[in-house]
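Structure assessment
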Amino acid sequence: NSVSMALGQFMAMWRSEGLEWVFSYADQGQNHHGGVYQAINAVYIGSTPARTGFMLDGKLIPQRTMHRMFGGQGPDAVVRAEALGHTVVRVPGAMTPKHTYVIPCGAPASRRAIRKTLAPLAKPYPK
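Because the structure is a prediction, the values reported are computed rather than measured. One numbering rule holds for all chains: residues counted from 1, following each sequence as written. Residues qualify for local features only when their pLDDT is at least 70, as the model is predicted, and side-chain atom pairs are given and counted only at 80 or more; totals for whole chains, interfaces and linings, by contrast, use all residues. Hydrogens are left out, water is left out, and the side-chain values use all remaining heavy atoms of the structure.

**Regarding the packing of aromatic side chains**
Working definition: a ring pair exists when centres of Phe, Tyr or Trp rings (six-membered ring for Trp) sit within 6.5 Å. Plane angles under 30 degrees give stacked, over 60 give edge-to-face, the rest tilted. Within this structure, the stated rule accounts for six aromatic pairs. Aromatic pair phenylalanine 23 and tyrosine 25: ring centres 6.4 Å apart, planes at 10°, arrangement stacked. You can call tyrosine 25 partly exposed: its relative accessible area is 44%. Judged by centre distance (5.3 Å) and plane angle (40°), the ring pair of tyrosine 37 and tyrosine 101 falls under tilted. Highlighted residues: tyrosine 37 in helix 2 (residues 35-39) and tyrosine 101 in strand 6 (residues 98-104), separated in sequence by 64 residues. Any residue under 20% of the maximum accessible area for its type is buried, any over 50% is exposed, and the rest in between are partly exposed; the area is computed with a 1.4 Å probe on protein chains only. Strands here are runs of E lasting at least two residues and helices are runs of H or I lasting at least four, both read from the DSSP assignment and numbered beginning at the N terminus.

Now the structure itself:
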């Protein structure tokens, strides 16, 4: 699988940069369950909670996009967006949860130690 091969190359790059592990997410709102992470034996640690989103001119956008576009996600950013002619509505819980995976990518002994440490937090893979 080309995606698994690409992840393998990224893992080698991360390892060469001294990283021992990385987080990755699978968006439940896009019907993703993280199959590619399961294929590389990543540790599944559960889902994030639903997050606040914003309706910007009728389109749902995440907090990060709001921050990137208007320098924040609080009331000041909403005022800035509205000053530019946008309609903004804060929508608590609008962004779907994400499946959370930890990808051990260090040396083999490090990967084993990380899996052992995370074992009490690990959950069965979602289907």
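Moving on from the coordinates now.
**A closer look at the nonpolar core**
One broad rule of soluble globular proteins: the nonpolar side chains tend to lie buried together. Among buried residues, the Ala, Val, Leu, Ile, Met, Phe, Trp, Tyr and Cys ones that are joined through side-chain atoms within 4.5 Å form a nonpolar core. Of all hydrophobic cores here, the largest spans 12 residues; its members are Leu7, Met11, Trp14, Val22, Ala26, Tyr37, Ile40, Ala42, Tyr44, Tyr101, Ile103 and Cys105. Within the residue set of this core, elements represented by two or more residues are helix 1 (2-16), strand 1 (21-27) and strand 6. In terms of residue count, helix 1 provides more of this core than any other element does, three residues in total. In this analysis, two residues are considered to be in contact whenever any of their non-hydrogen atoms come within 4.5 Å of each other. Every residue in contact with isoleucine 103, bar those within four places of it in the chain, is listed here: Met11, Glu20, Trp21, Val22, Ser24, Tyr37, Ile40 and Ala42. Phe70, Ala77, Val78 and Ala81 belong to the second-largest nonpolar core, a separate cluster that totals nine residues.

**Considering the sheet that holds strand 2 (residues 43-47)**
In space, the three strands of this open sheet follow the order 1-6-2, with antiparallel pairing throughout. The outermost strands of the open sheet, each flanked by one partner alone, are strand 1 and strand 2. The sheet shows a mean angle of 25° between the axes of neighbouring strands, direction not considered. Axes, fitted as lines to C-alpha atoms, cover a helix only where it is in contact. Angles between the N-to-C directions of the axes lie from 0 to 180 degrees. Packing of helix 5 (residues 108-118) onto the sheet brings it into contact with strand 1, strand 2 and strand 6, and relative to strand 6 it is tilted by some 140°. At least two DSSP bridges between two strands are required for those strands to pair.

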